[in-house]
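Chain residues, written in single-letter form:
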Amino acid sequence: MCNTAITMPQTASDKTGFDEWFVTALNSGALMLMISIGHRTGLFDTMNEMDWTDSARLAKQAGLNERYVREWLGAVATGGVVEVDENGRYRLPENRAQFLTRNTELDNLGVMAQYISVLGSVEDDIVECFHNGGGVPYGKYDRFHEVMAEDSGMTVVDALEDHILPLIPGLTEKLQSGISVLDVGCGRGRAMLKMAGLFPKSTFKGLDLSEEAISWASAEAKERGLENVDFVIRDASDFDQTAEPEAYDFVTTFDAVHDQAKPQSVLKGINRTLKPAGTYLMQDIYSTGHVHENMDHPLGPALYTVSCMHCMSVSLAQDGEGLGAMWGREKAQELLQQAGFEKIEIHQLDHDIQNDYYVIKK
C-alpha cells in the first residue's frame, strides 16, 4: 500500500479546513470503488497496452460495455488516475500503471482498493451489531478470501523466498532437506502452495475455518500436482487441547491470530504442536494497542476500519474475544508469553508497512 495520508485540519473548529478534508475523503472513497472495478475488469491492464484511446476502442479491446467504460473513465480521469485530452481520449500514464497493473514489479495497489467494496457489502450487518452486539460470520463476506489471497500474494507469497524465510537462519536449508510445516488460519493456502512447490522434500499442512478457502486451496494443489501439501477445514478454538504434540518443525500464521475466536488457545496449541527446537513465524499487523500512539500510522484509518468491519466482528460472531487487527505489539507479546513462548524477535520488512514479523521459539 502507498504511504500517503489525507491531512486533517488542525482543530475541530476549523470548519473550512474540515469541509475541504471531507470533500477530499469523499472523492478518495469513490475512487477506491472505481479503482477496484478497474482492477477486476482488467481495464487498467488493457489501458497499459494501449496509447491514447477513447471509450469505444477501450471497451472493445477489454471486451466490456462501452457505456459503463465511458462513465468509469470520467471518474478516474477527474480523479487524476488517468489522463484525458480535449479530444476525449484517455491514457494511463506509466507512473500510475506501475501501481495499478498486474504486469508490474511493484505492488498492484488495485488489489487493496477491493477491500472498500467488500467491507461495504456488510455495512447493514455491522450497523445491526452496533445496536445489538455480536458479530458478522465469515460466510457473509463475499470475496473476502479471494481479495486476501491477492493481498497476501504481494506481501507474503512474493516475498517468502527472498525476505521472509531468511529471517530465520538456516530455515531454508532445513526446508530443502525436508521438515514438517503447519500454517494455522491458512485462508486459500497460497503461502503453503508456494513453499510446497519450492521445497518438495518437506511436507505442508494448512488449517482454516472457511470451507470455501480450503476447497480452493485443495483444488489448486491438485491442479499444480503438489502431493506434499494438505488442506483441512478446522476450527482452531480448541487447538490448545487438540493440537498434535510436538509434530511440526515450523509453524506459521499470516495475518490470522487476531481474527481467532480464542487467540490464546490457538497460540497455546501452536506451542504444543511445535517440536522442542521448532520455530513459529507470526506475521501480524504492525501497531501499538493505544490509539494515541497510532496517530501517525500510515494505514491507521484503513486498518481500524477493516478491524471494525471484519477482523473483530468475525471473532465476536463466534462468541470470541474480538481482539481486532490493531491489537498491538504489547498484547501480542503478552499472549505469546502466556502461551509459553520465551524467545520473541520482532522484524519489519521494507516492502511491507502493514505488518510485523515475529520469529518465536519455545
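To start, this report covers the structure provided alongside it. (Residues numbered from 1 in each chain as written. Predicted model: local features only at pLDDT ≥ 70, side-chain atom pairs only at ≥ 80, totals over all residues. Heavy atoms only, no water.)

### Regarding the overall build of the protein
Then step 1. Helix and strand content of the protein: 16 helices and nine strands.
Then step 2. Its C-alpha atoms give the protein a radius of gyration of 22 Å, within 12% of the compact-globule value 21 Å for 362 residues.
Then step 3. Classification of the 362 residues of the protein by burial places 47% in the buried group.
Then step 4. A separation of at least 24 residues holds for 69% of the contacts in the protein among residues at least 6 apart in sequence. (Helix = DSSP H or I, 4+ residues; strand = E, 2+ residues; numbered from the N terminus. Rg over C-alpha atoms; globule rule 2.2 N^0.38 Å. Buried < 20%, exposed > 50% of the residue type's maximum accessible area, 1.4 Å probe, protein only. Contact = heavy atoms within 4.5 Å.)

### Section: the packing of helix H3 (residues 55–62) against helix H4 (residues 66–78)
Then step 1. Where H3 meets H4, the axes come as close as 9 Å, and the angle between the chain directions of the two elements is 120 degrees. Classified by the angle their axes make, H3 and H4 are oblique. In terms of crossing hand, the pair formed by H3 and H4 is right-handed. Contacts between H3 and H4 involve Ser-55, Ala-56, Leu-58 and Ala-59 from the former and Glu-66, Val-69, Arg-70, Trp-72 and Leu-73 from the latter.
Then step 2. Residue composition of the contact of H3 with H4, grouped by class: six nonpolar, one polar and two charged. (Axes fitted to C-alpha atoms, helices over the stretch in contact; angles between N-to-C directions. Parallel < 35°, antiparallel > 145°, perpendicular 65-115°, else oblique. Left-handed = near helix turned anticlockwise from the far one by under 90°. Nonpolar A, V, L, I, M, F, W, Y, C, P; charged D, E, K, R; others polar.)

### With respect to the packing of aromatic side chains
Then step 1. Applying the stated criterion across every chain, the model contains seven aromatic pairs.
Then step 2. Site record: aromatic cluster; members linked through ring pairs are Phe-18, Trp-21 and Phe-22. (Phe/Tyr/Trp six-rings, centres within 6.5 Å; stacked < 30°, edge-to-face > 60°.)

### Here's the deal with the sheet that holds strand S8 (residues 343–349)
Then step 1. Judged by pairing direction, the sheet is mixed, and its seven strands sit side by side in the order S5-S4-S3-S6-S7-S9-S8 without closing on themselves. A strand with exactly one partner marks an edge of an open sheet, and here the two such strands are strand S5 (229–233) and S8. Between one strand axis and the next, the sheet turns by 20 degrees as a mean value, whatever way the strands run.
Then step 2. In this sheet, strand S6 (residues 248–254) lies alongside strand S3 (residues 180–184) in parallel orientation, the contact comprising three bridges. Residue Leu-182 lies in a different strand from S6, and its bridge partner there is Val-251.
Then step 3. On top of the sheet, helix H11 (residues 190–198) reaches S3, strand S4 (203–208), S5 and S6; it is set at about 160 degrees to S5, its chief contact.
Then step 4. Its contacts with the sheet put helix H12 (residues 211–224) on S4 and S5, and the angle it makes with S5 is roughly 160 degrees. (Pairing = 2+ DSSP bridges.)

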